[in-house]
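Next come the chains, spelled out residue by residue.
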Amino acid sequence: MISAVEANADGLIGPTHSYAGLSPGNLASSLNKGEASNPRAAVLQGLDKMKTLADLGLPQFVLPPHERPNIPFLRSLGFSGSDAQVLERAWKDAPSFAAAACSASPMWAANAATVTPSADAHDGRVHFTPANLITNLHRSLEHDQTKRALDALFPHASRFAVHDALPSVAHLADEGAANHVRLCRDHGEPGVNLMVWGREAWEHWDGPYPARQTREASEAIMRRHAASGAVLARQGKAAIAGGTFHNDVVCVGALDTLFFHELAFEDTEATKAAIRAAADGFEPQFVEVSTADLPLADAISSYLFNSMLIRVPGQDRLTLICPTETRDNPRSHAVAQGLAASNGPIGHVEYVDVRQSMRNGGGPACLRLRVVLTEAELAATNPAMRLTDTLHARLSDWGRRWYRDSLTAHDLADPALLDETRGALDELTRILNLGGGFYPFQHG
Ligand code: SUG
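How each quantity is defined
- Residues numbered from 1 in each chain as written.
- Predicted model: local features only at pLDDT ≥ 70, side-chain atom pairs only at ≥ 80, totals over all residues.
- Heavy atoms only, no water.
- UniProt positions renumbered as here; feature names shortened; annotations may be inferred.
- Pairing = 2+ DSSP bridges.
- Helix = DSSP H or I, 4+ residues; strand = E, 2+ residues; numbered from the N terminus.
- Right-handed = clockwise from strand over helix to strand, strands pointing away.
- Phe/Tyr/Trp six-rings, centres within 6.5 Å; stacked < 30°, edge-to-face > 60°.
- Lys NZ or Arg CZ within 6 Å of the ring centre and 35° of its normal.
- Near = heavy atom within 4 Å.
- Polar contact = N/O pair within 3.5 Å; in protein donor to acceptor, adjacent residues only side chain to side chain.
- Areas by Shrake-Rupley, 256 points an atom, 1.4 Å probe, with all protein chains shown as cover.
- Nonpolar A, V, L, I, M, F, W, Y, C, P; charged D, E, K, R; others polar.
- Axes fitted to C-alpha atoms, helices over the stretch in contact; angles between N-to-C directions.
- Contact = heavy atoms within 4.5 Å.
- Buried < 20%, exposed > 50% of the residue type's maximum accessible area, 1.4 Å probe, protein only.
- Parallel < 35°, antiparallel > 145°, perpendicular 65-115°, else oblique.
- Left-handed = near helix turned anticlockwise from the far one by under 90°.
- Patch = residues over 30% accessible without salt bridge, like charges linked within 9 Å, V, L, I, M, F, W, Y side chains within 5 Å.
- Salt bridge = Lys/Arg side-chain N within 4 Å of Asp/Glu carboxyl O.

Per an unreviewed UniProt entry, the protein goes by the name N-succinylarginine dihydrolase and belongs to Brevundimonas guildfordensis. Turning to the protein, the UniProt annotation filed under Sequence similarities (unreviewed entry) states: "Belongs to the succinylarginine dihydrolase family."

In structure tokens:
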């Protein structure tokens, strides 16, 4: 067996982090629409969360924010003049498109891509498919730059295969690792790849909220990665109707353990049976939380399941890294305490403050992309993008200098923000050693 570790790559929260209510079906996003955000607090919270994981002994990487406001997108819609004029005209004539062009949504790296570790891939490479994220306009603008960022972090084609996103059509709607759970005995061994989909490509969908992942997209990704151990399961329709816009809002798994809400899957027994049948050499552990113990609405508002489930080096039982909102909700807190007090596979619970992201529906698990890497693969990553204490301090200082502590829709139309964000990203390019021309604005 080749030993492997689970690394996390988190999206560094961008300077335009804001509450624009852009995601129907994501209740936090709708609820907080129009509120003032605090991008400076947001980026520092995200960095501290990354440091917590690095301090626990998990390799931690930083994925750079994307260029926002996205002027090339607005130009493609016919807005012209100087960049400042493009921004101003778009806010005046097409505010919904302007808001989409300003979203800092690439922070939610769980949606960046679906990842297949080399132990599961036919050619022994780590495979990535950036998600096309076509369900929401603001997110559909991410995948090209996401591919660039993954290419920068995983530069060697002999070890890493970074694919293009699936075609950007509704039939192949894909939201990345937010709908993928990998179970295994040990990270370096072949695993079960649970792919959770919300609707079929040609199905008439009449739910109150969109189902963001199609079955056909999940199948295509497993096919192109030639991944072993695929299990496809339908997301619970009631869960989507209740505000579960990604499966990772009600389900998380690690190693042999799947932790999920009763409503997560349309057919829980069939899903469990399929996982058991696909598990080679290990017995999956199912930790299910009933609606009676935790109503779906509490699960969603407290994000108990949008936690990171990790094995801290040296510990046998798993650790759940929850948002502080879980502690603030009496029912969720009781479930979390019950886990730690039980003899089950989850033995420890810790809390992190990512409130700025949470108010847009992004918990600790949304902010990270998990990548299982062997030692040789880890050594082949871009060292400048790995979070050390020094990089944490440097990026915290960078954020304090460049980011505003309050941002409203009105501020997003301010042409000065264009210079600020570009100044920040220009400096970041040097800090993370991303090379010239990483961002479109750097092409001149
Ligand atoms: O896609 N929110 C994101 C949150 C993504 C959370 N990711 C996971 N569950 N893995 C989304 O709905 C809100 C942006 C706004 O409304 O301004 C937003 O895009």
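S.K.: What is the right way to look at the pairing of strand S8 (residues 230-234) in this model?
M.R.: Successive side chains on a regular strand alternate, one facing one side of the sheet and the next facing the other. Pairing geometry for strand S7 (residues 192-197) and S8, over 5 bridges, is parallel. Bridge assignment links Met-195 to a residue of S8, and that residue is Leu-232. Handedness of the S7-helix H8 (residues 215-224)-S8 crossover: right-handed.

S.K.: Looking at this structure, I do not really get unusual backbone geometry. What am I missing?
M.R.: Trans is the common state for peptide bonds, and a negative phi is the common state for residues other than glycine. That bond from Arg-68 to Pro-69 is cis: its omega, 0 degrees, falls within 30 degrees of zero. One can find Pro-69 in the loop between strand S2 (60-63) and helix H3 (71-76). Within the chain, Leu-255 stands out as a residue other than glycine whose phi angle is a positive 50 degrees.

S.K.: For this particular structure, what's the right way to read the packing of aromatic side chains?
M.R.: Two aromatic rings, taken as a pair, are described by how far apart their centres are and by the angle between their planes. One pass over the structure, following the stated rule, counts 9 aromatic pairs. Clustering of aromatic rings is evident, with ring pairs tying together Phe-128, Phe-154 and Phe-160. One cation-aromatic arrangement involves Arg-327 over Tyr-351; the distance from NZ or CZ to the ring centre is 5.0 Å. Lying over the aromatic face of Tyr-19, Arg-359 brings its terminal NZ or CZ to 5.1 Å of the ring centre.

S.K.: Explain the site of the ligand here, please?
M.R.: Taken together, 20 residues surround the ligand, and among them Leu-22, Ser-29, His-138, Asp-248 and Cys-366 come closest. With respect to the ligand, the side chain of Asp-248 contributes an N or O atom lying 2.7 Å from a nitrogen atom. Here Asn-360 contributes a backbone N or O atom positioned 3.1 Å from a nitrogen atom of the ligand. Burial of the ligand by the surrounding chains reaches 99%, relative to a free accessible area of 490 Å². Here the shell around the ligand is built from residues that sort into 7 nonpolar, 10 polar and 3 charged.

S.K.: How should I be thinking about the sheet that holds strand S10 (residues 257-261) in this particular structure?
M.R.: Backbone-to-backbone hydrogen bonds pair the strands of a sheet. The strands run either parallel or antiparallel. Spatial strand order, S9-S10-S11: 3 strands in an open sheet with mixed pairing. In this open sheet, the two strands that pair with only one neighbour each are strand S9 (251-254) and strand S11 (285-289). For this sheet, the mean inter-axis angle between neighbouring strands, taken without regard to orientation, is 10 degrees. Across 4 bridges, the pairing between S9 and S10 is antiparallel. Its bridge partner lying in S10, Gly-253 is registered against Leu-258. Packing of helix H10 (residues 268-278) onto the sheet brings it into contact with S10 and S11, and relative to S11 it is tilted by some 160 degrees.

S.K.: I would appreciate a short explanation of the sheet that holds strand S3 (residues 113-116) in the present structure.
M.R.: Reading across the sheet, the 3 strands line up as S3-S4-S5 and stay open at both edges, with mixed pairing between neighbours. Strand pairing shows two members of the sheet lacking a second neighbour, S3 and strand S5 (160-162), which therefore form its edges. On average, adjacent strands in this sheet sit at an angle of 15 degrees to one another, irrespective of strand direction.

S.K.: Teacher, can you tell me more about the UniProt feature "active site" (unreviewed entry) in the protein here?
M.R.: The feature "active site" (unreviewed entry), as given by UniProt, occupies Glu-175, His-246 and Cys-366 in the numbering adopted here. Annotated residues spanning 192 residues; largest pairwise C-alpha distance 11.2 Å, indicating a single compact cluster. Relative to the assigned elements, Glu-175 resides in the loop between S5 and strand S6 (180-183). For Glu-175, a relative accessible area of 1% puts it in the buried group. Sequence-distant contacts of Glu-175, defined by excluding residues within four places in its chain, comprise Ala-110, Asn-111, Ala-131, Leu-133, Thr-135, Arg-212, Gln-213 and His-246. With respect to the helices and strands, the residue Cys-366 is situated in the loop between helix H14 (355-358) and strand S15 (368-374). Not counting residues up to four positions away in its chain, the partners in contact with Cys-366 are Met-107, Trp-108, Ala-109, Ala-110, Asp-248, Tyr-303, Asn-306 and Gly-361.

S.K.: How do you make sense of the packing of helix H16 (residues 389-402) against helix H18 (residues 415-431) when you look at a structure like this?
M.R.: Packed helix pairs are specified by the crossing angle of their axes together with the interaxial distance, meaning the distance between the axes. At their nearest, the axes of H16 and H18 sit 10 Å apart, and the two run at 165 degrees to each other. If you check the angle between H16 and H18, you find them roughly antiparallel. Considering only the axes of H16 and H18, their crossing is right-handed. Note on element contacts: H18 touches H16 through Glu-420, Gly-423, Ala-424, Glu-427, Leu-428 and Ile-431, opposite Leu-391, Arg-394, Leu-395, Trp-398, Arg-401 and Trp-402.

S.K.: In this structure, what is going on with the packing of helix H2 (residues 39-55) against H16? I would like to understand it.
M.R.: Look at H2 against H16: their axes get within 9 Å of each other, and the N-to-C directions meet at 175 degrees. Classified by the angle their axes make, H2 and H16 are roughly antiparallel. Where H2 approaches H16, its residues Arg-40, Val-43, Leu-44, Leu-47, Asp-48, Lys-51 and Asp-55 are matched on the opposing element by Asp-389, His-392, Leu-395, Ser-396, Trp-398, Gly-399 and Arg-400. Of the residues assigned to the contact of H2 with H16, the class counts are 5 nonpolar, 3 polar and 6 charged.

S.K.: Mind showing me how you'd approach the pairing of S15 here?
M.R.: Of all the 7 residues making up S15, 7 are buried; the element is thus mostly covered by neighbouring parts of the structure. The pairing of strand S1 (residues 4-11) with S15 spans 7 bridges and is antiparallel. In the sheet register, Asn-8 faces S15, and the bridge partner there is Arg-370.

S.K.: What should I look at first to understand a nonpolar patch on the surface in this one?
M.R.: On the surface, Leu-77, Phe-97 and Leu-137 cluster together to form a nonpolar patch covering roughly 240 Å² of accessible area. As for its placement among the helices and strands, Phe-97 is situated in helix H5 (residues 95-102).

S.K.: How do you make sense of the pattern of salt bridges when you look at a structure like this?
M.R.: Once their charged atoms are close, side chains differing in charge can pair, the charge on each being opposite to the other. One pass over the structure, following the stated rule, counts 29 salt bridges. As a salt-bridge pair, Asp-10 and Lys-49 come within 2.8 Å of each other at their nearest N and O atoms. Taken as a pair, Asp-10 in strand S1 and Lys-49 in helix H2 lie far apart in primary sequence, 39 residues in all. Using a relative accessible area of 1% as the deciding quantity, one classes Asp-10 as buried. Taking relative accessible area as the criterion, Lys-49 reaches 2% and is therefore assigned buried. The shortest N-O distance in the salt bridge between Lys-92 and Asp-93 comes to 3.6 Å. Of the two residues, Lys-92 and Asp-93, neither departs from the other in class, the shared state being exposed. Put simply, Glu-67, Arg-75, Asp-83 and Arg-422 are held in one network by salt bridges that share partners.

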